[in-house]
Amino acid sequence: MASPMSAGGFLAGLRAEGLTVVEVGDWEHHNRNHKGPWGPVHGVMIHHTVTKGSARTVQLCRDGYEDLPGPLCHGVITKNGTVHLVGYGRANHAGLGDDDVLRAVIAEKALPHDNEANTDGNRHFYGFECENLGDGQDPWPEVQLDAIERAAAAICRHHGWTERSVIGHLEWQPGKVDPRGFTMASMRQRIRDRLK
């Protein structure tokens, strides 16, 4: 059982990991907590945005859209490696996923195949949306991959988690493909090396 970091602790942890962080509006109080609890938290989820243009991407992730109100994550990692904080608390990013996957994340064991959508992921995961078209062709600059690694590691470091607490949306919810363009196995190896 892990209580979410304070907003201030989250910001400090990201900066301590060497990240450039931009605070967007009143991000510390922008959340979906009225829809249900946030926590206990068990892991970090990585997404791609299917968008182009950093300013537009950050705005969309902060505000959401008609069918899915924002925030759509806690931080947006743009192509230049900057982390834009757009919300803190419950966020509309993970949706319903597989309870077997959640149990594996908690136990920090190998992930089973996700074949159910029966568990509220918005309650249990920190979320980072990463600017990318998600078509398998749009490149992932090294500075952006480094920022994903550092952001996930910062949260793992705070909670005493290993890299096995970091998953992709595609590993959580059947039918999802994000992040597309790098493997979560390779990202977890990077996080593991950083946490040594």
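Okay, so let's go over this structure. Residue numbers restart at each chain and count upward from 1, following the sequence in its written direction. Predicted model: local features are reported for residues with pLDDT of at least 70 only, side-chain atom pairs are reported and counted for 80 or more only, and whole-chain, interface and lining totals are derived from all residues. Each side-chain value is worked out from all heavy atoms of the structure, with water and hydrogens disregarded.

## A closer look at unusual backbone geometry
Point 1. Along the chain, glycine 39 connects to proline 40 via a cis peptide bond; the corresponding omega equals 0°.
Point 2. By the secondary structure assignment, proline 40 is in the loop between β1 (21-23) and β2 (43-48).
Point 3. Between glycine 70 and proline 71 the backbone carries a cis peptide bond, its omega angle lying at 0°.
Point 4. Strands here mean DSSP runs of E at least two residues long; helices mean DSSP runs of H or I at least four residues long; both are numbered from the N terminus. Tracing the backbone through its elements, the reader meets proline 71 in the loop between β4 (68-69) and β5 (75-77).
Point 5. In this structure, valine 50 takes a positive phi of about 60° despite not being glycine.
Point 6. Mapped onto the elements of the fold, valine 50 is located in the loop between β2 and α2 (54-63).
Point 7. If you check the backbone angles, glutamate 108 has positive phi at about 55° while not being a glycine.

## Structural notes on the packing of aromatic side chains
Working definition: an aromatic ring pair is given by the centre-to-centre distance plus the angle between the planes.
Point 1. Centre distance within 6.5 Å is the pairing criterion for rings of Phe, Tyr and Trp, where only the six-membered ring of Trp is used; planes under 30 degrees apart are then read as stacked, over 60 as edge-to-face, and the remainder as tilted. Throughout the structure, instances matching the rule amount to 10 aromatic pairs.
Point 2. On the basis of an interplanar angle of 85° and a centroid distance of 5.5 Å, the ring pair of tryptophan 38 and tyrosine 126 is categorised as edge-to-face. Here tyrosine 126 lies in strand β9 (residues 125-130) and tryptophan 38 lies in the loop between β1 and β2, a separation of 88 residues in the sequence.
Point 3. Each residue gets one of three labels from its accessible area relative to the maximum for its type: buried under 20%, exposed over 50%, partly exposed in between, using a 1.4 Å probe on protein chains only. Judged by its relative accessible area of 14%, tryptophan 38 is buried.
Point 4. The rings of Phe10, Trp27, Trp38, Tyr88, Tyr126, Phe128 and Trp161 are connected pair by pair, giving a single aromatic cluster.

## A word on the side chain of threonine 51
Point 1. Assignment of secondary structure puts threonine 51 in the loop between β2 and α2.
Point 2. The exposure class of threonine 51 is buried, given its relative accessible area of 3%.
Point 3. Other than its neighbours up to four places away in sequence, threonine 51 contacts Arg56, Thr57, Leu60, Glu131, Asn132 and Leu133. The contact definition used throughout considers only heavy atoms, calling two residues in contact when any of these lie within 4.5 Å.

## Some words on the pattern of salt bridges
Point 1. We define a salt bridge as a contact between a side-chain nitrogen of Lys or Arg and a carboxyl oxygen of Asp or Glu at a distance within 4 Å. Taken as a whole and judged by the stated rule, the model has 15 salt bridges.
Point 2. For arginine 15, the salt bridge identified is with glutamate 23, shortest N-O distance 3.8 Å.
Point 3. Across the salt bridge formed by arginine 103 and aspartate 99, the nearest N and O atoms sit 3.4 Å from each other. Separated by four residues within a single helix, arginine 103 and aspartate 99 lie in helix α3 (residues 99-107), roughly one turn from each other.
Point 4. Residue arginine 103 is classed as partly exposed on the basis of its relative accessible area, which comes to 48%.
Point 5. If you follow the salt bridges from partner to partner, you end up with Glu17, Glu142, Asp146, Glu149, Arg150, Arg157, Arg190 and Arg194 in one network.

## Some words on the sheet that holds β1
Point 1. Sheet architecture is open: six strands sit in the order β1-β6-β5-β9-β2-β10, paired in mixed fashion. Edge strands, defined here as strands with exactly one partner in the open sheet, are β1 and β10 (166-168). Strand after strand, the sheet turns through a mean of 25° between neighbouring axes, direction not considered.
Point 2. Paired strands are those between which DSSP finds at least two bridges. As defined by bridge partners, β5 adjoins β9 across three bridges and the pair is classed as parallel. Opposite isoleucine 77, over in β9, you have cysteine 130 as the bridge partner.
Point 3. Only the stretch in contact is used when a helix axis is fitted, and all axes are lines through C-alpha atoms; the angle between N-to-C directions ranges over 0 to 180 degrees. The sheet contacts of helix α1 (residues 7-16) involve β1, β6 (83-85) and β9, and relative to β1 the element is tilted by about 155°.

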